[in-house]
Amino acid sequence: MNISGTLNIFKLFYNPSLCKPKLIIPTFNQLPVPINTKIKAVVLDKDNCFAYPKDDKVWHEYTEKWDSLKKAYPGRALLIVSNSAGSNEDVGHKEAKHIEDTTGVSVLRHSTKKPGCREEILRYFTEHNVTEDPQEIAVVGDRLFTDIMMSNLMRSYGVWVKNGVVESNNILVRMEKWIYNRTK
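Residues numbered from 1 in each chain as written. Predicted model: local features only at pLDDT ≥ 70, side-chain atom pairs only at ≥ 80, totals over all residues. Heavy atoms only, no water.

Looking now at the packing of aromatic side chains. One pair of aromatic rings is described through two measures. These are the centre distance and the angle between the planes. All chains considered together, the criterion is met by 6 aromatic pairs. A ring pair is formed by Phe 28 and Trp 66, whose centres lie 6.2 Å apart and whose planes are at 40°; its orientation type is tilted. With Phe 28 in the loop between strand 1 (23-25) and strand 2 (41-44) and Trp 66 in helix 3 (residues 63-72), this residue pair connects regions lying 38 residues apart in the sequence. In this structure Trp 66 comes out as buried when scored by relative accessible area, which is 3%. On the numbers, 5.7 Å between centres and 25° between planes, the contact of Tyr 52 with Trp 59 is stacked. Exposure remark for Trp 59: the relative accessible area of 22% places this residue in the partly exposed category. Aromatic ring contacts, followed pair by pair, group Phe 28, Phe 50, Tyr 62 and Trp 66 into a single cluster. (Phe/Tyr/Trp six-rings, centres within 6.5 Å; stacked < 30°, edge-to-face > 60°. Helix = DSSP H or I, 4+ residues; strand = E, 2+ residues; numbered from the N terminus. Buried < 20%, exposed > 50% of the residue type's maximum accessible area, 1.4 Å probe, protein only.)

Let us now look at the environment of Glu 136. Residue position: Glu 136 is located in the loop between helix 5 (118-127) and strand 5 (137-141). For Glu 136, a relative accessible area of 17% translates into the label buried. Separated by 96 residues in the primary sequence, Glu 136 and Lys 40 have C-alpha atoms spaced 5.3 Å apart. Glu 136 has contacts with Lys 38, Ile 39, Lys 40, Ala 41 and Thr 131, leaving out every residue within four places of it along the chain. Within polar-contact distance, the side chain of Glu 136 engages the side chain of Thr 131 at 2.4 Å. (Contact = heavy atoms within 4.5 Å. Polar contact = N/O pair within 3.5 Å; in protein donor to acceptor, adjacent residues only side chain to side chain.)

Here the focus is the sheet that holds strand 2. One open sheet accounts for 6 strands, arranged 1-6-5-2-3-4; its pairing is parallel. On the outer flanks of this sheet lie strand 1 and strand 4 (106-107), each paired with one strand and no other. Here strand 2 pairs with strand 3 (residues 78-80) via 3 bridges, running parallel. Looking at strand 3, one finds that Leu 44 is bridged to Ile 80. (Pairing = 2+ DSSP bridges.)

Below, the structure is given as structure tokens:
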């Protein structure tokens, strides 16, 4: 269970704009590269963003976009942040290591799930001399209540991958889209 996500969702009652993205793209293939001139670092959600849910590799239709993103944001400027791989539930961080080997991109080791791991993300980019400014970080993900909310809490640039690799029938995803459509 994502306790961080559950507790943070109550913030939306007071500030619904926390789940409002700066940029909306249908799929990962429509991600502009570079994202914009101010962005120095990119946080990527994995499941249903650039990978099929619960898979460990880049979706085959996104490999060209993936390669261009890695070229535009080399080394530690790209970071995968997943609520499974790299979290405390990933025993020995085996899944994180496997995804790093498969994608060539680092996976954040974190103790709190999104949107609560924002301090760990900022620390990562600071320690690797990428940026100390959260406004120079883009967060790319398919979930409004976790990825986009986290980007707004960080004062970063949130990119919502609206449709993902596959359309989700998850009740939370449907609720996110319903809320988004009512707040447009």
